[in-house]
Amino acid sequence: MTAFQPQDLKRFILLYASQTGQAQAIAEEISETAPFYGLIADIYCLSLTDRKFCIEKETCAVFIVSTTGDGEPPDTAVKFYRRTNGLLLNKNYLKKLNYTLLALGDSNYDKFCLFGRNLNKHLECLSAKLFYEVGYGDDAYGIETCVDPWVKNLWPALQKLLGVEPSTTNGFVVNFFDENYLLKYLNMTLIESLSDEEIKTLTLKNIPHLIKYSHIDKLRLPSLPSPKLAIAFEETVKKACYMPNKNFTHPQASDIFKVRLTDAKKLTSEDTVKNTFELTFELEIENNKFNPGDAFGFICPNPPDEVETLLERLNIMQYAETPVKLHTLETSAKRKLFTYIPQYLSLRDIFLHCIEIRSVPKKVFLRILSEYTSDLHEKHALLFLSNPIGAKFYTSCIRDPSISILDILMTYQSCNPPVEKLLEHLPCLKPRFYSVASSPLQDNKSFKIVFNVLKISNERGRYKDREGVCTGWFQRISSKFFEKSDTSSLTDEMSNLSLGCNEFSIFTYVGVNIYFYPPANLKFPIIMVGPGTGVAPFIGFLQHREKLLETVHNNCGESWLFYGCRYKDKDFLYRSELYRLQSAGILSHLKISLSREEPLPSNITSRYVHESIKQNSDAIAAAVCGAGGRIFICGDGKHMAKDVEQAFTEVFQLYNNFSASEAKEYVHTLKAEKRYVCDVWG
């Protein structure tokens with residue numbers, strides 16, 4: 001219990017900008033913990049500027065912000081960001097404001113935490129004063145490993161600024177974050193002996209055997225958040241049919257429209273590590289437009305077998321087809337709640353189409369789950385994983401292996417939460433994006449995409465083997481194209497797996513990728529780097545270029561494609577098409593890298609695309625530095641994109657006689673000018 005009376009709590013404003021819900025969840029956890037430190041947070045989404053708060057009137061603010069897209073602010077923060085750019089405001093506009101900021105991002109991506117960094121500059125330029133260091137949460141290393149220490153030290157900084165005596169918190173600050181207090185009640189002789197590498201080998205099953213609380217009642221635990229959602233089963237109401245809406249799309253994205261799957265081809269041989277497919281979709285309405293470089297966001301369902309398992313595990317199968325009405329328990333207008341779940345859907349449809357059941361449960365959710373866990377060992381394990389002291393274990397056992405709520409429920413059988421807790425704390429099911437692999441000039445009534453079927457083994461705490469949510473769905477709905485069966489089988493498959501009332505329709509929309517498009521002026525050279533399925537958008541680029549050259553007769557710049565795969569005869573995607581485009585003069589230079597071929601064929605000189613780039617350094621540098629060329633990168637963001645950027649940096653350093661720092665700055669300039677553009681994933 002806190003020693004403070006409500007009227008004694010010192011106020012600060014807590015502002016978040018969230019695209020996927022992570023920044024919001026962290027902000028809510030801070031808000032719920034604040035009273036234990038003699039503080040109270042007025043928490044708002046940045047979209048509510050001028051409606052619920054005026055930043056120029058505030059004296060103490062904490063910002064929790066994510067970065068999305070190509071280093072851009074989340075949709076909800078665009079207005080606030082533009083307003084604080086300083087161009088139209090007095091330089092002393094925020095002179096009363098003391099602030100700190102936690103920026104969230106993923107260092108696998110080029111513009112790590114760029115929105116947070118830029119927002120910090122905006123605030124500084126308007127004379128706001130930083131009272132506590134800016135924090136950076138890196139999803140590449142586990143958000144908690146970075147965020148927890150920042151939050152831990154935020155409290156004394158806030159208390160000092162707002163004049164709260166730490167001693168009046170009745171020991172909560174010491175007890176909750178002091179490891180000595182917590183370790184006293186844990187089996188730490190064993191836990192402390194574990195190295196980081198040994199911790200990485202642990203799974204959910206191991207944790208109950210490590211944790212031994214002898215005085216659980218004395219352990220200071222995070223407070224439980226107040227419930228925000230209740231559900232009612234409306235048996236007398238007609239069940240609604242799910243239809244997707246634009247609640248989760250970018251404001252600049254196209255409207256949602258229907259497409260029909262008309263063809264499927266396997267692009268790899270039977271003995272490859274990854275199965276790669278090309279799907280062709282027909283546009284049901286001709287005025288739906290797309291361009292090479294666009295990405296389609298497919299609105300896919302969760303795997304039906306996992307939904308059925310979840311319904312059975314929650315012991316609610318008898319209500320699976322009953323219409324559900326949601327009630328929000330908070331009347332606050334601070335944020336929209338659960339708009340992605342239409343009223344009167346059945347529970348089965350909600351779990352199929354609305355909820356991301358594969359999402360990694362946040363620590364606050366584990367804390368809630370512990371309240372519905374009867375086995376003490378399992379309960380204590382959940383409490384430990386939700387506590388700052390267990391941050392490394394949470395990262396290793398939950399976040400890194402992408403453990404889902406179903407994995408937890410199947411492992412900890414005594415955990416039986418009510419269904420509304422899952423609906424409240426699991427995020428909405430987001431669309432999955434795939435680059436278009438064709439040109440509308442070639443066919444404006446259909447388009448193609450390419451994908452690898454993602455295989456995930458039942459290791460590291462996952463209760464079963466699985467496939468990617470969308471890639472598994474694609475494989476299921478396209479499988480009948482590869483079987484000798486009548487068309488009625490395909491109709492049945494589509495009926496079971498498609499969305500909405502129209503059983504033959506798949507819903508999608510064109511996302512926003514502002515700069516990943518081939519230059520309209522064909523005189524500029526283009527350098528394309530796309531190993532594996534990263535080649536997909538460049539097939540569209542080149543086919544588009546081919547059609548343009550049939551009608552436009554002018555000087556055309558060189559085109560380069562650096563493509564990589566494992567083997568020349570097993571997973572070389574679009575081999576015949578690429579050689580055709582090269583023979584036709586559309587593709588000036590095709591550079592192939594083979595990572596696993598033994599020995600390398602005589603005409604292949606590299607195993608990886610970054611090696612091939614350096615082998616052609618003079619010509620590449622001349623095309624970019626001398627002729628104004630554009631560079632496009634598509635594919636893996638964790639490794640390939642970083643290696644490729646380093647290769648280009650070295651190429652420009654040698655060609656221009658730059659220092660290492662000058663070469664890096666030159667690459668940054670190319671990016672700022674949108675002449676070096678990435679479409680990568682992690």
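Further up the page is the structure itself.
Given the structure is predicted, the values throughout are model-derived calculations rather than measurements.

What counts and what doesn't
Residues numbered from 1 in each chain as written. Predicted model: local features only at pLDDT ≥ 70, side-chain atom pairs only at ≥ 80, totals over all residues. Heavy atoms only, no water. Helix = DSSP H or I, 4+ residues; strand = E, 2+ residues; numbered from the N terminus. Buried < 20%, exposed > 50% of the residue type's maximum accessible area, 1.4 Å probe, protein only. Contact = heavy atoms within 4.5 Å. Areas by Shrake-Rupley, 256 points an atom, 1.4 Å probe, with all protein chains shown as cover. Arc of directions from axis to C-beta. Phe/Tyr/Trp six-rings, centres within 6.5 Å; stacked < 30°, edge-to-face > 60°. Lys NZ or Arg CZ within 6 Å of the ring centre and 35° of its normal. Axes fitted to C-alpha atoms, helices over the stretch in contact; angles between N-to-C directions. Left-handed = near helix turned anticlockwise from the far one by under 90°. Nonpolar A, V, L, I, M, F, W, Y, C, P; charged D, E, K, R; others polar.

Colleague: Outline the overall build of the protein, listing residues and values.
Modeller: Counting secondary structure elements, the protein contains 24 helices and 22 strands. The buried share of the protein, reckoned over its 682 residues, is 53%. Put simply, 78% of the contacts in the protein that link residues at least 6 apart link residues at least 24 apart. A total of about 30,000 Å² of accessible surface is found on the protein, and carbon and sulfur atoms cover 49% of it.

Colleague: Describe the side chain of S31, naming the residues involved and giving the relevant values.
Modeller: Relative to the helices and strands, S31 resides in helix α1 (residues 22-33). Note on S31: relative accessible area 18%, which makes it buried. Apart from residues lying up to four places away in sequence, S31 is in contact with L14, A41 and I43.

Colleague: Any chance you could break down helix α22 (residues 617-626) for me, citing the residues and the numbers?
Modeller: Restricting attention to buried positions, one finds in α22 the residues S617, I620, A621, A623 and V624. In an axial view of α22, the angular spread of the buried residues amounts to 160 degrees, which keeps them on one side of the axis. Of the exposed residues in α22, those oriented more than 90 degrees away from the buried face are D618 and G626. Turning to α22, the residues buried within the fold contact β18 (526-529), β19 (559-565), α21 (609-615), β21 (630-636), α23 (640-656) and α24 (660-672). One or two residues past the end of α22 sits G628, with phi positive at roughly 75 degrees.

Colleague: Tell me about the packing of aromatic side chains, and please be specific about residues and values.
Modeller: Per the stated rule, a full pass over the model turns up 36 aromatic pairs. Measuring from ring centre to ring centre gives 5.6 Å for W473 and F474, while their planes differ by 25 degrees; the resulting arrangement is stacked. The same class applies to W473 and to F474, which are both buried. Through pairs of rings, three or more aromatic residues link up here, namely F257, F277, F281, F290, F296, F298, Y434, F447, F451, W473 and F474. Cation over ring: K570 sits above Y567, and NZ or CZ is 4.6 Å from the ring centre. Geometry around F524 places R630 over its ring, the cationic atom sitting 3.9 Å from the centre.

Colleague: Would you mind going over the packing of helix α19 (residues 536-551) against helix α20 (residues 575-583) in detail, with residue names and values included?
Modeller: Between α19 and α20, the shortest axis-to-axis distance is 11 Å and the interhelical angle comes to 35 degrees. In this structure, α19 meets α20 at a crossing whose hand is left-handed. Residues I539, L542, Q543 and E546 of α19 form the contact with α20, whose participating residues are E577, L578, R580 and L581. Per-class residue counts for the contact of α19 with α20 are four nonpolar, one polar and three charged.

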